[in-house]
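# Report on the structure
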Amino acid sequence: HMQVQDYCKAMLAEVAAWKAKLDAMKKTADGFGSEQKEKVLPLIGQLEQEVVNAQMRVDQLENECPSDWSPIKNELDELFGTVGSKLDRTFQEMSSRETLW
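Below is a short write-up of the structure. Being a predicted model, the structure only gives us computed values, none of them experimental. (Residues numbered from 1 in each chain as written. Predicted model: local features only at pLDDT ≥ 70, side-chain atom pairs only at ≥ 80, totals over all residues. Heavy atoms only, no water.)

### A few points about the packing of helix α1 (residues 4-30) against helix α3 (residues 70-96)
- Direction vectors running N to C along α1 and α3 enclose 20°, while the axes themselves pass 11 Å from each other. One element, α1, and the other, α3, form an angle in the roughly parallel class. Here α1 runs over α3; the crossing is left-handed. Residues Tyr7, Met11, Glu14, Val15, Trp18, Lys21, Leu22, Ala24, Met25, Thr28 and Ala29 of α1 pack against Lys73, Leu76, Asp77, Phe80, Val83, Gly84, Leu87, Asp88, Thr90, Phe91 and Met94 of α3. (Axes fitted to C-alpha atoms, helices over the stretch in contact; angles between N-to-C directions. Helix = DSSP H or I, 4+ residues; strand = E, 2+ residues; numbered from the N terminus. Parallel < 35°, antiparallel > 145°, perpendicular 65-115°, else oblique. Left-handed = near helix turned anticlockwise from the far one by under 90°. Contact = heavy atoms within 4.5 Å.)

If you want it as structure tokens, here you go:
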């Protein structure tokens, strides 16, 4: 049975990896022309907001440490899946097909 603390540690490690990705995306965007930048920066900002939101949810779980946390785990797993795939998709598009921007 997984402990709340272990789960939270794993999730926060994922958040740290996301933040590194966001930084890389910002650096990539810095090399874009102003028109491309205008398209991609709001998207990065939105992703950043979602990452912060996910992190806050994990912190909340860690602090409250409920005895039955399976509903929260299911919700977080879904949230992390969504944010992670969005981030990966944008990251890939930015690094491989920059011309689209």
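After presenting the structure, the write-up continues.
### What to know about unusual backbone geometry
- At Cys65, a residue that is not glycine, the phi angle is positive and equals roughly 45°.
- Residue position: Cys65 is located in the loop between α2 (34-64) and α3.

### A look at the packing of aromatic side chains
- This structure, assessed with the given rule, holds 2 aromatic pairs.
- Arranged with centres 5.2 Å apart and planes meeting at 50°, the rings of Tyr7 and Trp69 form a pair that is tilted. One end of the pair, Tyr7, is in helix α1; the other, Trp69, is in the loop between α2 and α3, and 62 residues separate them in sequence.
- Here Tyr7 falls in the buried class, since its relative accessible area comes to 3%.
- Looking at Lys21, its charged tip hangs above the ring of Phe91, at a distance of 5.3 Å from the centre. (Phe/Tyr/Trp six-rings, centres within 6.5 Å; stacked < 30°, edge-to-face > 60°. Buried < 20%, exposed > 50% of the residue type's maximum accessible area, 1.4 Å probe, protein only. Lys NZ or Arg CZ within 6 Å of the ring centre and 35° of its normal.)

### Topic: the environment of Glu50
- Residue position: Glu50 is located in helix α2.
- Beyond its immediate chain neighbours, meaning those up to four positions away, Glu50 contacts Val83 and Lys86.

### Some points on the nonpolar core
- Residues Trp18, Ile44, Val51, Leu61, Phe80 and Met94 are the most contacted members of the largest nonpolar core, which totals 23 residues.
- Those elements giving two or more residues to this core turn out to be α1, α2 and α3.
- Counting residues per element, this core draws most heavily on α1, which supplies 9 residues. (Core = buried A, V, L, I, M, F, W, Y, C linked by side-chain atoms within 4.5 Å.)

### Looking at the pattern of salt bridges
- For the coordinates displayed, the defined rule picks out 5 salt bridges.
- Between Glu48 and Lys26 there is a salt bridge whose closest N-O contact spans 2.7 Å. With Glu48 in helix α2 and Lys26 in helix α1, the pair connects residues that are 22 residues apart, well separated along the chain.
- Here Glu48 falls in the partly exposed class, since its relative accessible area comes to 30%.
- Given a relative accessible area of 30%, Lys26 falls into the partly exposed group.
- The salt bridge involving Lys73 is made with Asp77; its shortest N-O contact spans 2.8 Å. Of this pair, Lys73 and Asp77 both sit in helix α3, 4 residues apart, which is roughly one turn of that helix.
- Taking the relative accessible area as the measure of exposure, Asp77 reaches 32% and is therefore partly exposed. (Salt bridge = Lys/Arg side-chain N within 4 Å of Asp/Glu carboxyl O.)

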